[in-house]
Each structure stands twice: as C-alpha cells, then as structure tokens.
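Chain and residue survey
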Amino acid sequence: MSNSLEFARHGDKHNSEFFETYLGRLLEERDRIGLTDMIHEIEAMMITVEPGHAIAYIAELALMTPYHYLVTLESESHLTHILRIDFDSPDLLIREVKDTATRGIFRSLNEVYPVGHHKPYSRYMGEILRVTNLHEVVELQREREFRFFGADEVRKLELPGNIAVSKPSPYTHNIVAYMERGTDEHRVYALGLSRIDAAAQEAYETAKEMQVKLGVHTLLQPIDHLATRVYSQNREVAILEYLSWSSYYYWGSYDINNQNSSTNVTKSVHYNAESKSPAKVFTANNTPYFVNHLDGLPSPTETFVRNYGPRLHHIAVGVNDGETNGEENIDYVVKAIAEQGKDFLLDVIGSKEEGLKQIFSSASEHSSLIIEYVQRFGAFDGFFARDNVAELTRAAGADASLKELEAAARR
C-alpha cells in the first residue's frame, strides 16, 4: 500500500490547522481504501480553443513544444485534435466547436468573467488520469461525495465515452476525468470518427520543419508542470480537493511576499519524473483583492483570477541541460522561437549558479495559455527559485495582452 505522507515537506508557507489536519486524514484514507494505488499518471490534458483557431494552435504547439499531431476525432458539434509525444508522456486534446452558437458549461465558466467573456471558448478544461479499475475508483469517489457527469451528459458534451468525468471544481473550475488502461494497452479515446485533418497535418508538418531548421527539436522535453491560479480564500481547499481526486502528494508551499502570493506544489506519488506525470502547481494571492487598496500590495494573481476566472495559467515545458552554439539551451530556444514572431513577457531569468532558468511566453491568442520554458542545471532537484517565481509573477501581471483585454472588458 502506498504511503502518501512519507514525502519530505518543502517551503516556508504556514498553512492553517484545517489544512494540516485534513491533509493527513484525506491522504491516509486515500491510501487505505486503495485509491492511491488505482489512480496513476496524467493521461491527457484537455484544452478548448476559439472556433477556427485549432489549426493555428496546433502549429504553435508543434513549434514551441515536443508535441506531434496524431489524429482528429470528429463528433456532431466538435473537432477534437489529439497531440502526442509518446506513451510515456501525457497527450493533449485540443477541442473546438464547429458552430459559434454552440453553448455549454465550459463556455459558461468563461462568460461570467470580464476577460473570459471576450474569449468564451478559450480555456483549459482539466486532466484525464489513468486508472486500473474505473468502476471501483468512481464508486469510491462517489462514496466520498465527489460528483460526476452521467453517461448521457458525457455524450451530450461530446467527450470520450470511455472516461468518467467529474463536475467542474468550485475552486479551480477544472474537471478531472478517469480512463481505465493497462500499461500494455494503447491509449484510445472513444469519440466520433477518426481521421487525419489535412489542414492540421499541413500546419503541423510546416511547424516541425521549422523546429528542425531552428535546431530546437532535440532540446525540448515533455511538460514539467501545470500551474493553476485560484482565489486567495480557495488556496488550501483547491489543493486538498486535487489531492483527493488524484494520487498526488503535497510537496510544499512558498510565500512570494513581494508579489503578495504563494506558490503551492503537488507531485505524483508514483512517478519521480515530471515528464511522466507533470507536477500540479496552485498559485494564489495571500490576501483578497478588496484589501489591496488599504495595504498597497501588488495583486497580479488575484487580478488574473478576477478577470479570467480560476483556471490554468501556464504549461511549463522542460529544456535539456547543456549549451547550443555557446548559449545555454533555454536562451538558444527562446531566441529561436522569438525570431518566429512569438513574444515573451520578460528576459530569461535565473542562472546556472541558482540551479535553473525560466521564462514565460505571452498568452496564446488561441487558448489564452502561457508556455513556460524551464532549464534545470546539473543535479539541481528543487522545483523553483524564489526570486525567479517573484519575477515571473510580476511579469505575468504586466502582460500587455491581458491589460488590453481588461481595458476592453471595462468599456
């Protein structure tokens, strides 16, 4: 039986007595009833984009990440494009509606927020987790009072029929889904008609040719972590909820005082390599927005959530340690990608001496998601450097594209 409480704690953030009490109780129960041993890696991440934007987003991802276009699943009102690295890393499911009149719960989650309203389809939906016994996992979670969409609702949402899908979280607005698959079985999504989309294939091939020409195709690793932003009051419950849905453990939290926020990390119990199952990070303000005018504190995280809603903020892609043409690989990759017209929010920050370097891209116009690049040096096994996180948080809050959308939302 797994022991989810055996891992070392990191960070300097002080959690509440409620958090510490229920962290132990929830993880001990999860281990005892067998959920930890039945729930495994992140099988796939689901993203929905604005209608007509999927092809351009596939091209963007093919250039900026190691993902390859695999196939398109066509259902009545949606196209779902599958991107894959290999079976040792999660897939990406890029979903778009065919008709802009199509409405649904995921669009509704955007429309109640001022910036989200301007891009009603652009959002990260959530993860599909691999399980060894779908029926038993779902029944155990229902006994713990977690809620799922019914089979008819999953069909109406046009999600794969071989997954069990949770209702959206009240804290992150993300869903969690489960899919049963043995390690010796192929990863298959039961949805619609499978075909190669000619436009997607052409966009993918063009982007990959450019990736090779730039010499970055051998430098990019799978996803390192997924970072969600939530309201300050929901930090602890969002973490505990995800730990209850998954087989992740609480790695720790750091206060980023000069940005009035905290960064909170969870990792897989089963896999040391984030490439197999990315870390899940939760970022939240330390104080709610309505006290900032009294204390004069920055509020980039709470401002983001108030305008977009709680949601995934960025996807971090690893970069190989080493140098290319006399530059550290991350600097080489960023320079090459920037020359193709992709903006970044700041210069590469960090250093070899600190153990890692990082940078944020500007938000994608197709999905509203940011790509982060992270290069770790040598034997560095930490998750981040405090100064790096502070600067990344500040830069994201100053993102010109966000400020333009905020201004449009106020008009």
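Predicted, not measured: the structure shown is a model, and the values here were computed from it. (Residues numbered from 1 in each chain as written. Predicted model: local features only at pLDDT ≥ 70, side-chain atom pairs only at ≥ 80, totals over all residues. Heavy atoms only, no water.)

**Here we look at the pattern of salt bridges**
- Counted under the stated rule, the structure contains 26 salt bridges.
- As a salt-bridge pair, R144 and E29 come within 3.0 Å of each other at their nearest N and O atoms. Here R144 is found in the loop between α6 (134–143) and α7 (151–157), whereas its partner E29 is found in helix α1 (residues 17–32), with 115 residues between them in sequence.
- Given a relative accessible area of 14%, R144 falls into the buried group.
- Note that R130 and E41 form a salt bridge whose closest N and O atoms lie 3.0 Å from each other. Here the residue R130 occupies a position in strand β6 (residues 123–131), and E41 occupies one in strand β2 (residues 39–48), the gap between them amounting to 89 residues.
- Taking relative accessible area as the criterion, R130 reaches 4% and is therefore assigned buried.
- Linked by salt bridges that have partners in common, E41, E43, R84, D88, D91, R130, R181, R187 and K276 make up one network. (Salt bridge = Lys/Arg side-chain N within 4 Å of Asp/Glu carboxyl O. Helix = DSSP H or I, 4+ residues; strand = E, 2+ residues; numbered from the N terminus. Buried < 20%, exposed > 50% of the residue type's maximum accessible area, 1.4 Å probe, protein only.)

**Observations regarding the domain arrangement of the protein**
- If you check the domain split of the protein, you get domain 1 (37–208) and domain 2 (212–410).
- The partner domain 2 presents 55 residues to the 53 residues of domain 1 that form the contact.
- Interface area for domain 1 against domain 2, summed over the two sides, is near 4500 Å², with a carbon-plus-sulfur share of 62%.
- Among the residues of domain 1 in contact with domain 2, M64, V115 and Y171 are the three that bury the most area, contributing 18% of the side total.
- Linking domain 1 with domain 2 are four salt bridges, by the criterion used here.
- Note that E60 is salt-bridged to K342, the shortest N-O span being 3.8 Å.
- If you look at where domain 1 meets domain 2, you find 24 residue pairs in polar contact (both at pLDDT 80 or more).
- Contributions of two or more residues to the side of domain 1 that touches domain 2 are made by β2, α3 (54–64), α5 (114–118), β6 and β8 (175–180).
- Its residues placed into classes, the side of domain 1 that touches domain 2 shows 27 nonpolar, 14 polar and 12 charged. (Domains from an automatic or database assignment. Contact = heavy atoms within 4.5 Å. Buried area = accessible area lost by both parts, 1.4 Å probe. Polar contact = N/O pair within 3.5 Å; in protein donor to acceptor, adjacent residues only side chain to side chain. Nonpolar A, V, L, I, M, F, W, Y, C, P; charged D, E, K, R; others polar.)

**Considerations on the nonpolar core**
- Core analysis: the biggest nonpolar cluster contains 75 residues, and I47, L92, I94, Y178 and Y373 have the highest contact counts within it.
- The residues touching I47, leaving out its near neighbours within four places in the chain, are Y57, L92, L93, I94, R95, R123, Y124, M125, I315, S367 and L369.
- Listed in part, the 21 residues of the second largest apolar core include F106, M125, I128 and L191. (Core = buried A, V, L, I, M, F, W, Y, C linked by side-chain atoms within 4.5 Å.)

**A short note on the pairing of β8**
- In terms of burial, β8 is a largely internal element, five of the six residues being buried.
- With six bridges connecting them, β6 and β8 associate as parallel partners. Across the sheet, E127 pairs through a bridge with V176, a residue of β8.
- Where strand β7 (residues 163–165) and β8 come together, three bridges link them in antiparallel fashion. The residue of β8 that forms the bridge with I163 is M179. (Pairing = 2+ DSSP bridges.)

**Brief notes about the packing of aromatic side chains**
- A complete count under the given rule lists 13 aromatic pairs for this structure.
- Ring geometry for F148 versus W245: centroids 5.4 Å apart, planes at 85°, classification edge-to-face. Residue F148 is located in the loop between α6 and α7, and its partner W245 is located in helix α9 (residues 235–245); the two are separated by 97 residues in the primary sequence.
- Here F148 falls in the buried class, since its relative accessible area comes to 9%.
- For the pair F344 and Y373, a centre-to-centre distance of 6.3 Å together with 35° between the ring planes defines the contact as tilted. Here the residue F344 occupies a position in the loop between α12 (329–338) and β17 (349–351), and Y373 occupies one in strand β19 (residues 370–376), the gap between them amounting to 29 residues. Note on accessibility: F344 and Y373 belong to one class, buried.
- Grouped by ring-pair contacts, the aromatic residues F146, F148, Y178 and W245 constitute a single cluster. (Phe/Tyr/Trp six-rings, centres within 6.5 Å; stacked < 30°, edge-to-face > 60°.)

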